[in-house]
Amino acid sequence: MAGFILRRLLLLIPILLGVSILMFVIIRMAPGDPAVAYLKLSNIPPTPGAVAEARQTLGLDQPILAQYVSWISSAVRGDFGVSYVTRRPVLDDILYYLPATLQLAGLALLFTLVVSVPLGIWSARYKDRWPDHLVRGFAFLGVSTPNFWLGFLLVLLFSLTLKWLPPMGKGGWQHMILPVLAVSFMSLAINARLLRASMLETASARHVLYARLRGLSDRQVERSHILRNALLPIVTATGMHVGELLGGTLVIESVFGWPGIGRYAVSAIYSRDFPVIQCFTLFLVTIFVICNLVVDIVYAWLDPRIRLNAEAAI
Amino acid sequence: MSVASLDEHAPRRTVWRLPIRDTWAVRIALVIVVLLAIAAIAAPLVAPYDPNAVDLTQRLQGPSLAHWLGTDHLGRDELSRLIYGTRVSLGSVALCIVLIMTLAIVVGGASGYLGGRVDQAVMRFCDIFLAFPTIVLALFLIGILGTGMVNVVIAIALSHFAWYARMVRGLVLSFRQRDFVLASRAAGASRIRIFFEHLFPAIMAQMIVLATLDIGHMMLHVAGLSFLGLGVQPPTAEWGVMINDARQFVWSKPMLILWPGLALLLSVMAFNILGDSVRDRLDPSLHGDHPH
C-alpha cells in the first residue's frame, strides 16, 4: 500500500508541471499583452516606451522558455510574483482568502456524503414505492437547479421571511448553513441517485442471492453484502464532486458575500491581474488533483482488486 | 458475401433516428424544448416589447395585462427579457457543442488514427485538461481571454472537450478491426471514405448522447458565469444577468429573481430528461458512468 501511495504521489508531478506549462502557453498566446494590463492597473498610459519598459520589468522580453523556467523556479520556492493591483505578493493574498473557500467546500462535501448515503439506501430499499419516488424526484430537482439561484431562494425563505438564519457574511455556524445547502444540493442529488442504482445492481449479483439463501436477514444482506460493494462508485464519484463543489463554492460566495477566494478571483479576472489568475488556478488544480489522489487511495484500500492489479502492472 | 451486404450492419443511420423513450415526462420535455427553440428563433415576433427598452416611469411593476410578468428596475418588460434570454442560453450552448464536437473529432481522431507517439502525446494533453475542475478552467480562460460571451463559449468548450476526444479516440480504435470496416478496406475504399461512411455516423451518435446529457449542465455554467458578470454584458437580456440584476430587489420584488431562475430550471430539467432518455436507449454502457 505504501508503494502504491508513493507511486501515485510521484505521478502528480508531471500532471502539475503539465498544467503549469499549459497555463503559461495560453497566457502568452492569448491576445492582450500582460504589460498593457500591468500599465493600465498602475494608471500609466500605455505608450510604446512605457510598454517596452514594463515588458522589461515583468521579464516579458525574455524568450518564453526562459520566462517559464524563471516563473516555475520562483513558484517552487513559494514566490508567485506580485499582484498588479494590490502590489502585495500573490501567495499572501491567496493564502488569506483560500481557507474560507476550503471551509465551505469541505463542509459541503461532508454534508453531501452524510446525507446522500442514507437517501440512496432508503431509495433502493423501497424501490418503486413512495420513498423511492420522493428521493428520485429530489435527485432530479437537484441536478437541474442553478446553485446560485437556489442560494437566493434559501435567503428569501430562511432569512427574509422566517428570519431564522443570517442572509450573508461570515460568522458563526449559522452563516454556513445556507451556503452549504446551496452548494451541495447538486452533488447530493447525483450521489443519492448513483448509490441507488449501484445498490440495485449489486442486489442482483450472485453473491447476494447466495447470502439470502444462507438465510441471512434482509438488513444483514444489505449491510455486509450489498452496501459495501455498492459504495465503490460513490468513492469514485466523490473525486468529481470535489471539483463541482469547489467550482460551486466560487460562484456561491458571490451570493452570500462569503469572503473566499472566488470573489477575489472574479475581481482579478475583471482587472486582468495575470499573476493572481495564474496562482489561483494552480492552487485550485493542485487541491483538486490531491483530493482525487486521496479518493484513489481510499478506493484501492477498499477494493484490493484495484490495488493488486496496479501493483502487478507496474 | 458481398461487401454491400456486410455494410448493412454498419450503424449508418443511427444519428438521424434518435430513439427516444416515449413517456409523458419525455413528451413534456420535448414540448418545452420546442417552445424554447421557438422563443429563441422568433424572439422579435413573440416578445411583446423590446427587451432593452428602458421606461423609468414603469419600473418594478407587478404583473399586469400590459406586462404579464411585470417590469424590472429599469422598467424593462420581464417577459420580453426572458424570451430574448433563450437566445443567449440556447445559442451559446449550441455553439459550445459544435466547438466541442469539432475539437473532439480532430484531436481524438488524430490520436486514434495516427497512434504511437502522437496518440500518447495527445492523451497526456487531454489528461492535463481533465486535471482542472470545469469552473476553474473556465475562470482561468476568461481571465486570460477577457470577459464576454464568446470567451465564455470558448472556455466552456475547452473545459469539456477532453472527455469527448477520449471517447472519439476509443471509438476509432475499436472500429479499426470491425468486420465491415475491414471489408470496406479490402474492397479498396479510401481511409477518408471509410471515416465518413462508417466512423463518422457512429461517432456522432455517441457524441450526441454525451452532448444531450451535458446541455443542461452547460446552460447552468453559462448562466453562472454571466451571473458573476463574466459572460454577456448588460444590457443584453440573459437569465444569469437577470438574476444578478434582481438580487438587490430580492426582498421587495422576489418575483424578479424567481422568473429567470424558473426559466433556467425548466430548461435544464427538459434537457436532462431528454438526455437520460436518449442515453437509456442508445447506450446502456454509459449508465451511471458519466463524468459530470
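That block above? That's the structure.
Residues numbered from 1 in each chain as written. Chains lettered and ligands numbered in written order. Predicted model: local features only at pLDDT ≥ 70, side-chain atom pairs only at ≥ 80, totals over all residues. Heavy atoms only, no water.

Thoughts on helix α5 (residues 116-130) of chain B
- The end-to-end C-alpha separation of α5(B) is 21 Å, in line with the 21 Å expected for 15 residues at 1.5 Å each.
- Among the residues of α5(B), those classed as buried are Asp119(B), Val122(B), Met123(B), Cys126(B), Ile128(B) and Phe129(B).
- On its buried side, α5(B) packs onto α1 (2-29) of chain A together with α4 (78-114), α6 (134-145), α7 (149-158) and α8 (161-175) of chain B. (Helix = DSSP H or I, 4+ residues; strand = E, 2+ residues; numbered from the N terminus. Expected span 1.5 Å × (residues − 1). Buried < 20%, exposed > 50% of the residue type's maximum accessible area, 1.4 Å probe, protein only. Contact = heavy atoms within 4.5 Å.)

Observations concerning the pattern of salt bridges
- Applying the stated rule across the entire model yields 16 salt bridges over all chains.
- Arg196(A) is paired through a salt bridge with Asp132(A); the nearest N and O atoms lie 2.7 Å apart. One end of the pair, Arg196(A), is in helix α8 (residues 174-203); the other, Asp132(A), is in helix α6 (residues 130-144), with 64 residues separating them in the sequence.
- The buried category is assigned to Asp132(A), whose relative accessible area is 0%.
- Residues Arg193(B) and Glu197(B) are paired through a salt bridge, measuring 3.6 Å at the closest nitrogen-oxygen approach. Of this pair, Arg193(B) and Glu197(B) both sit in helix α10 (residues 191-227), 4 residues apart, roughly one helical turn.
- For Arg193(B), a relative accessible area of 47% translates into the label partly exposed. (Salt bridge = Lys/Arg side-chain N within 4 Å of Asp/Glu carboxyl O.)

Some points on the packing of aromatic side chains
- Summed over all chains, the structure comprises 20 aromatic pairs over all chains.
- Where Phe24(A) meets Tyr68(A), the ring centres are 5.4 Å apart and the plane angle is 75°; that geometry is what we call edge-to-face. Separated by 44 residues along the polypeptide, Phe24(A) in helix α1 and Tyr68(A) in helix α4 (residues 64-76) bring together distant segments of the chain. Tyr68(A) shares its class with Phe24(A); the two are buried.
- Here Trp122(A) and Trp130(A) contribute two aromatic rings whose centre-to-centre distance is 5.8 Å and whose plane-to-plane angle is 90°, an arrangement assigned as edge-to-face.
- Since its relative accessible area comes to 63%, Trp130(A) is described here as exposed.
- Here the aromatic cluster, defined as three or more aromatic residues joined through ring pairs, consists of Phe24(A), Tyr68(A), Trp71(A), Phe80(A) and Phe283(A).
- Sitting above the plane of the Phe24(A) ring, Arg28(A) keeps its charged end 4.7 Å from the centroid.
- A cation sits over an aromatic face here: Arg178(B) above Phe175(B), 4.8 Å from the ring centre. (Phe/Tyr/Trp six-rings, centres within 6.5 Å; stacked < 30°, edge-to-face > 60°. Lys NZ or Arg CZ within 6 Å of the ring centre and 35° of its normal.)

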